[in-house]
Structures are given as C-alpha cells and as structure tokens.
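Okay, here's what each chain looks like letter by letter:
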Amino acid sequence: MKKRICFVGVGGQGTLLASRLLGEAVMKAGYDVRVSEVHGMAQRGGVVESSVMTGGIKAPVISKGMADVLISTEPVETLRALDRCNIKTTIITNIAPIEPMTVKLGLQKYPEVSDILDFIKDRFQNTYAIDATSLAKEAGTSKAANIVLLGALIGLNILDISKELFIETIKERVKPKFIEANLKAFELGLNSVA
Amino acid sequence: MELISQEVGKKSLLLGNEAIVRGALEAGVEICAAYPGTPSSEIANNLFFISTKAPELLYFEFSTNEKVAMEVTAAAAAAGKRSLTCMKHVGLNVASDVLNTLSYVGVKAGMVIVTADDPFMHSSQNEQDNRYYAKMASLPMFEPTNPQEAKDMTIAAFELSERLEVPVIIRTTTRTSHVRGPVIFGPLPEKKPSKGRFQRDNKRWVPVPAVARIRHKVLLEKLEKAAMEAENTPFNTVKGSGDIGVIATGIAACYAEDAIDFLNAWDKVRLLKLGLTYPQPRRMIFEFLRKVGRVLVVEELEPFQEEIIKGIAQDAAMDVPIYGKGTKHLSRLYEIDPLEVIELIAELIGIDAPKEQIPDISNMPEIPQRPPSLCTGCPHRETYMAVKEALKECGISEEDVIFPTDIGCYTLGLLPPFNMADYLLCMGSSVGSSAGFSIATDQKIIAFIGDSTFFHSGISPLVNAVHNNHKFLLVVLDNSTTAMTGHQPNPGIELMPPGYENHTRVLIEDIVRACGVKHIKIIDPYKKDEAIKAFKEMIELDELGVIISRAPCILYKRKVIGGKK
C-alpha cells in the first residue's frame, strides 16, 4: 500500500492532528509509515501542510504531481496545493472558506468558492467537495472538520484501513472530552461519500 | 507519558525529536539543558516535561541561551554525568565558542550535542549547514534518516562519546526532526541517584596555551579513532549493485532510496548510506568508488560530503566522475525535491523516469496570500498600535524612524498593518544594531525585543549602549514566556507552569536599571491611553530609554490558567 497523502489547511484547523491520527491508524493496520509535520512560525494562522506516506515510502516530502490523495480543510488552500496532484489524485476538500488576513485588510480578494470548485472538478475527476465545517458543527464542534474529511477518506476505501480500526484510533488518541464529537464527525464524513 | 514507558518492544509513532529523547533516556542521560528553537524545540520540551513529571529520571533546565546550556552540560559530563544539549542550527553559533574548546578538554561521561538545521528556512533566518561545525571542532557526527535511527544513533553517540571522551554531535534537519515514524522501545536503565565527582586536573581542564597544545593533539588522535569506528559502524551501509554509485546522508538518503525503489533499479544502482558522517570512513568510500563508474552525492544544503569524497578520490588518483552540488547537479539552495533525485538517477542510468499526467492549472483563480500573523488579541498588537499612535501625536512620520527588531513572534510586526520591523540579524541584534544606527544616522530609533530574547542576548549590548551614550528607545515586549517556540519558561516568567514554582523570577526592570539605564517605564499595552502617553514621553526625550510592555501571551495565559481571558 504505497500512498502519498498530502494534508493542507490553515493554522488551528487540526491539520497536524489529522495526519497524526491517520499515521497511527496506518501503523495499527500493520504498514510502515512516515508522517511529516510543520512546526513553528507557520502555525501562527499561516498555511499548514503535513503528509502521510505509507507502505515503505521513506521521503516525507511530496513532489509536484506525486500526491495520491490531497485532503484540505480550506478551499483556497486546496487550490494552492493543486500542483501536488495528477489526474488520478483523489481530492477531498472542505468548502468552508477562512479569509486570510490579506483579504480581511482588503489587500487581496478571496475567489468565489463555486469558481474554485469548478476549476478543480474540471481538471481532477476524483474530487470530493464536502461541507466539512457544517457537518462538524452538526457533530458538536466546528473544529472537527478535519475528522469529517478523514471519515470521507476512509469511506472511499483508498487505504487498507477499516472503519473499525480508525474508530479505535480516535478513541485512543483524541482527548476524552472530544471523542464523542469526533466519532460523530467521522461517521458523518464517512456517510458523505457513501 | 509515552516516552518514559518501561514497556520493552513497544512500538510508538514518534517524532524524530521525540526519538532522540527516548534514545537519551535509554542511554541513561542524567543532565540536560537547552534554549528552545525550531526545529529542535520538541527535544527540550519533552525533556522538560519528563523532568517535572519524573525528576528522578533526569535534570533539565531551560538555560538563558545555547552557550550557557552547553557550558552546563559540558561541566556535567566532565563530572561524570551523561548529558545532552540541543539547539537549532543558529543556536550553535552562539555556543560555538564553547564547542571549539570543549572538543579540546573533552568529557568524562558521554555528552551529546544535537543541532537541528533548517533547509528552506521554514522557521529560521538562514540555512547554514552545521556539519561544518563537526569539521571545525573535530568532533564525530551522526545524521539520522528516520526516527528509529534517531533513537539508535543517540544511544550510539553517548557510547562513542564516552569511549573517546569527546562530545558527539547529532545533526538533524527539519525533515528528520519533524517526521513521525515507528520506533521500537528498548529498556530504560535502572537509576541509582547519586552525585558525580569532578576530578580536578588543570593539565586537562584548563586550556592555557601549554595545555591546549597538548589537548589539540589528543583531539586529533581521538578523531583518528572515530574514523576507524566509522569503517565498521552499522550506520554506514551499502545496498544494491551496479555501475552507478549514489552516496547519501540524512533525509537525502530517504530520497535516494525512494528514487531507486521508484525506478526499480537496485540492480543498476549501488547506494552508500552514511550515518556516522564525520569523520568519514575513507576506506569504505574508497572501496565503494572502485566498484562504480559514476557517483552522485545526495545531501541537504552544502556539498560537504561531496568535497570530502572528491578528496578521497584525488588521494587515490581515481578518475571516477563525482556529481552533486559542487557540479550544480543539485542546488545549494533550500531543500532537495525528491523528484529531482528520481530524475537525476534515471538520467545516470539512461532511462526515462515514469511521469504522472498533470492537468494544466496555470490559469487558476488568483489565490490570496496567507502569511502567518500575530494572534487576534495578542498584546504585541496593542504595543505596536500604541507606538504608531504616539509617533503620530508627536508629529513624527514612521518613514523617518528605524525599527530594529528581534527574533520571536513579534518579528511578524514586519507585516501590515504594522510595518514596524526594519532590521534583523540574530538573537539580541535589535539592541546592538540600534547602537550602530544611532551613531550612523540622525533617524529616530525604536527597537523591539522579546523577554526571552532579552535574557538570551539583549543584556550585554544594553550595557554597551549605556556606556557609549547611544540614544534609542528599546521596547521589551514582555509576554512572560518564550511564545514562538511553544511557551517555554524564561527567567522573567510570571505565570509559573505546574512544577516550576520553585524557580526564582528575575525582573527585567531590575536588570535594565542595573545596566545603568536612567529612563525606564513599565506599561500594560491594553491600557491604551497610558501606553501612548508613556511612548510619547520616551520618544520626545531623545535619550536612551527602555519601555517594558508587559502582558502575558494570550495563548500561554489560557494554557496555564485555563479558559478565562
């Protein structure tokens, strides 16, 4: 199971937690795994990127066109990371925008989300656009949008990781008071691609 | 806590930095000290956490800077206690004064120095290659490729250090520090709490010229021994067969292995992976060069190995072509892109690398930039705005002011709407450079430095400014923590984290006063009117003044005292 999974998002969206959880699940499933994380300055509301490599891939960096899966918690960040994708890449993206400071200050414009999605879908057939933030709110916390997207990933059966194994991983790795909401968010994500 | 688990054989998904901590524990480290810095911070954070939860396991301190941390740990190792210090690459510049003589006097118990380089400058002001420090100080160096190796090499580094009685360097890069991978736990040694004993011997430990001349010779003999070990270490390995040779170290070895896998070319390519990377196993490299027709050296940053390997080939009068950064096959800039390595190796073999089909995305909607920024509610925001307002009320244009800045979250004052960061070199440079600007120009100078950075490197330039009558306003942004690197305590800390209450608080205003600064004000940046008034007075004064703008980092406050704002 050699796969390169790229995670992108905005600082504070739980991108690192999502890649860590997936990494734990991959290891639990019996595969070798590498998870790369971004720490430090980039976390102060900037772009955050991490990756999970499975099945013996050793490099924690994804080159142009080499991602098998792109998981994004923010639509503009999906666009920014598109150069990692090829025509076969599965793209799982949240559709809820987070305006960067440059937009809030009126220095730059945020593109229409529908334009973003049309642009992506026209070029990448395996695109799943999910309102992960709303589903996460439904589960109890908007912060679980990352888990909704992981639910979708597991639901699409791209990886050899069962739903049960992932649920077990969430129970082991998420802080007790957030487990219930996260499990619900996972389930909603799973169903969104069913 | 997972890292101190007694469960032998446990498999855990650890960061490279965490794996180093586990390795140090398994090696029985007892005394550790560090100043935080990305990408090394999680080593210190975990050691700190362990020292508060399980003080019987080890002593750890956040020292005021890397030089102090290295002195603390060097003395501990001289007194027979295994010790470790860790720092980011530029931190070793600060500690280099210690390093280059510590190698002469050496240690008694094992001592490990971790330096974390940052190719591409994810969180740094330069991308210097610290492998040159191993060469300069004549110290052995390991470079791990993954977390399991990071743990194993840490243990090996302690053992080598103790055998040779010199400190050993472990050099990581961002991609080895911040990658998670499975790590198998070994046993933790039983701890017999006891004090070490320093054996007085001024012919060993006091490098006056007559002693230093002897110790330099001793050091070079130790380096010879380390080179012999490098010939036999399990961390230097050869894999594959064929006419193409690849020599790689650190994370670059992962790129090389992946590339050969991807091209299915292990019958055409021979890979020499170096783990004990200084001193080089010259014999092993010579034998490798003899078996191949062409060689590609894959390494992050500078052509460090490449140049040494070329020297080995030259000494043996070999004409095997050796490619790498020196020949511009790879760039000395930033990080290596794995795809480049695939294409280079494919080219050497003479095949086309399989290519993915990539759609045209050139005409995508314009993407707004998303630079990191100061948090909403951050006290630094308030301070910057107060300075702006005070300048306006004083009738001084910001264009006529120089704002030297320093290393920390507040470097983000560079960005709009603040635009108040004009000059930066390194930790503490805000103070020293303000002195220079005050001599060289008639411009108004308002400098910014954080509390932790002030303790690290701000004090001696402030004494200098007092003594030499320099005129500028220094603003100490005192948020009571080392925020940027993850809220490590510093001597000025007001909100003590659990387990830290017995430390002594050092007040910045006491230091500033003791430096001889006459004009000092302490403000709360959230009290806007008072803050603006204080800045106006100090700006109009036109003498050396210090304003301490004191309010805790909001994230840190939330962490320590809970959700209340």
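Since we're looking at a predicted model, the values are computed, not measured. Residue indices begin from 1 for each chain and proceed along its sequence in written order. Each chain takes a letter, starting from A, and each ligand takes a number, starting from 1, following the order in which they are written. Local features are withheld for residues below a pLDDT of 70 in this predicted model, meaning they are given only at 70 or higher, and side-chain atom pairs are given and counted only at 80 or more; totals for whole chains, interfaces and linings count all residues. Water and hydrogen atoms were dropped before computing side-chain values, which therefore reflect all heavy atoms in the structure.

### As for the side chain of Asn86 of chain A
Logical step 1: Tracing the backbone through its elements, the reader meets Asn86 of chain A in strand 5 (residues 85-94).
Logical step 2: With a 1.4 Å probe rolled over the protein chains alone, any residue whose accessible area is under 20% of its type maximum counts as buried; one over 50% counts as exposed, and the rest are partly exposed. Asn86 of chain A gets classed as buried once you look at its relative accessible area, which sits at 3%.
Logical step 3: By the convention used here, residues are in contact when the closest approach between their heavy atoms is within 4.5 Å. In this view, Asn86 of chain A contacts Gly65, Ala67 and Phe124 of chain A together with Glu356, Gln357, Ile358 and Pro359 of chain B; residues no more than four positions away in its chain are not counted. By definition, any uninterrupted DSSP run of H or I lasting at least four residues is a helix, any uninterrupted run of E lasting at least two residues is a strand, and each is numbered from the N terminus.

### Some words on the interface of chain B and chain A
Logical step 1: Contact residues are listed per partner, giving 52 residues for chain B and 56 residues for chain A.
Logical step 2: Here the quantity called buried area is the total loss of accessible area, with a 1.4 Å probe, experienced by two parts when brought into contact, counted for both. Both sides together, the interface formed by chain B and chain A hides about 4,900 Å², and carbon and sulfur atoms give 63% of it.
Logical step 3: Counting the surface chain B buries against chain A, the share from its top three residues, Leu13, Arg180 and Arg370 of chain B, is 17%.
Logical step 4: The rule for a salt bridge is simple: a side-chain nitrogen of Lys or Arg has to be within 4 Å of a carboxyl oxygen of Asp or Glu. Our count for the chain B to chain A interface comes out at 7 salt bridges.
Logical step 5: Across the pair Glu77 of chain A and Arg370 of chain B runs a salt bridge, and its minimum N-O distance is 2.6 Å.
Logical step 6: In the analysis that follows, any N or O atom pair within 3.5 Å is treated as a polar contact, provided that within protein one partner can donate a hydrogen and the other can accept it, and provided that, for residues neighboring in sequence, both atoms belong to side chains. Where chain B meets chain A, there are 17 residue pairs in polar contact (both at pLDDT 80 or more).
Logical step 7: Every element with two or more residues in the side of chain B that touches chain A is listed here: strand 1 (11-15), strand 8 (179-184), helix 10 (250-262) and helix 13 (338-349) of chain B.
Logical step 8: If one sorts the elements of the side of chain B that touches chain A by residue count, helix 10 of chain B sits on top with 7 residues.
Logical step 9: Strand pairing is assigned whenever DSSP detects at least two bridges linking the two strands. Note: strand 2 (residues 33-36) of chain A against strand 8 of chain B, 2 bridges, orientation antiparallel.

### Some words on the pairing of strand 1 of chain B
Residues and elements named next belong to chain B.
Logical step 1: Counting buried positions along strand 1 yields 4 of 5 residues, so the element is predominantly enclosed.
Logical step 2: Here strand 1 pairs with strand 8 via 5 bridges, running antiparallel. In the sheet register, Leu15 faces strand 8, and the bridge partner there is Arg180.

### Remarks on the sheet that holds strand 2 of chain A
Logical step 1: One open sheet accounts for 8 strands, arranged 6(A)-5(A)-4(A)-1(A)-3(A)-2(A)-8(B)-1(B); its pairing is mixed. On the outer flanks of this sheet lie strand 6 (127-130) of chain A together with strand 1 of chain B, each paired with one strand and no other. Averaged over all pairs of adjacent strands, the angle between their axes in this sheet comes to 20°, without regard to strand direction.
Logical step 2: Examined bridge by bridge, strand 4 (residues 67-72) of chain A and strand 5 of chain A share 5 bridges and lie parallel to one another. Bridging across to strand 5 of chain A, Ile71 of chain A finds its partner in Ile92 of chain A. All axes here are fitted lines through C-alpha atoms, helices being fitted over the stretch that makes contact, and every angle between N-to-C directions spans 0 to 180 degrees.

### Points about the packing of helix 6 (residues 145-155) of chain A against helix 8 (residues 176-192) of chain A
Angle between the axes and distance between the axes are the two parameters that describe a pair of packed helices.
Residue and element names in this part refer to chain A.
Logical step 1: Where helix 6 contacts helix 8, the axes come no closer than 6 Å and their chain directions differ by 45°. One way to sum up the angle between helix 6 and helix 8 is to call them oblique. In this structure, the crossing between helix 6 and helix 8 has a hand that is right-handed. The segment helix 6 lies against helix 8, with Ile147, Val148, Leu150, Gly151, Ala152, Ile154 and Gly155 engaging Asn182, Ala185, Phe186, Gly189, Leu190 and Ser192.
Logical step 2: Among the residues making up the contact of helix 6 with helix 8, the classes are represented as 8 nonpolar, 5 polar and no charged. Throughout this description, any angle smaller than 35 degrees is read as roughly parallel, any larger than 145 degrees as roughly antiparallel, any in the 65 to 115 degree range as roughly perpendicular, and the remainder as oblique. Two helices that cross are described as forming a left-handed crossing if the nearer one is turned anticlockwise from the farther one by less than a right angle, and a right-handed crossing if clockwise. Three categories are distinguished: nonpolar for Ala, Val, Leu, Ile, Met, Phe, Trp, Tyr, Cys and Pro, charged for Asp, Glu, Lys and Arg, and polar for the others, with Gly belonging to the last.

### Focus on the environment of Thr102 of chain A
Logical step 1: Considering the arrangement of structural elements, one finds Thr102 of chain A in helix 3 (residues 101-104).
Logical step 2: For Thr102 of chain A, a relative accessible area of 8% gives the class buried.
Logical step 3: With near-sequence residues (within four places) excluded, Thr102 of chain A lies in contact with Leu107 and Gln108 of chain A together with Pro368, Gln369 and Pro371 of chain B.

### Some remarks on the domain arrangement of chain B
Residues and elements named next belong to chain B.
Logical step 1: For every domain, the bounds stem from an assignment made automatically or drawn from a database. Along its sequence, chain B is organised into domain 1 (2-232), domain 2 (237-349) and domain 3 (379-561).
Logical step 2: The straight-line distance from the C-alpha centre of domain 1 to that of domain 2 is 27 Å.
Logical step 3: Between domain 1 and domain 2, the residue contacts involve 32 residues of the former and 31 residues of the latter.
Logical step 4: Surface buried jointly by domain 1 and domain 2 totals about 2,500 Å² across both partners, of which 61% is contributed by carbon and sulfur atoms.
Logical step 5: On the domain 1 side of the interface with domain 2, the three residues burying the most area are Arg131, Thr145 and Glu231, jointly 23% of the side's total.
Logical step 6: The interface formed by domain 1 and domain 2 contains 3 salt bridges.
Logical step 7: Salt-bridge contacts for Glu149 lead to Lys273; the nearest nitrogen and oxygen are separated by 3.1 Å.
Logical step 8: Taken together, domain 1 and domain 2 are joined by 15 residue pairs in polar contact (both at pLDDT 80 or more).
Logical step 9: Elements with a contribution of two residues or more to the side of domain 1 that touches domain 2: helix 5 (131-137), strand 6 (141-142), helix 6 (147-164), strand 7 (168-173), helix 7 (174-177) and helix 9 (209-232).

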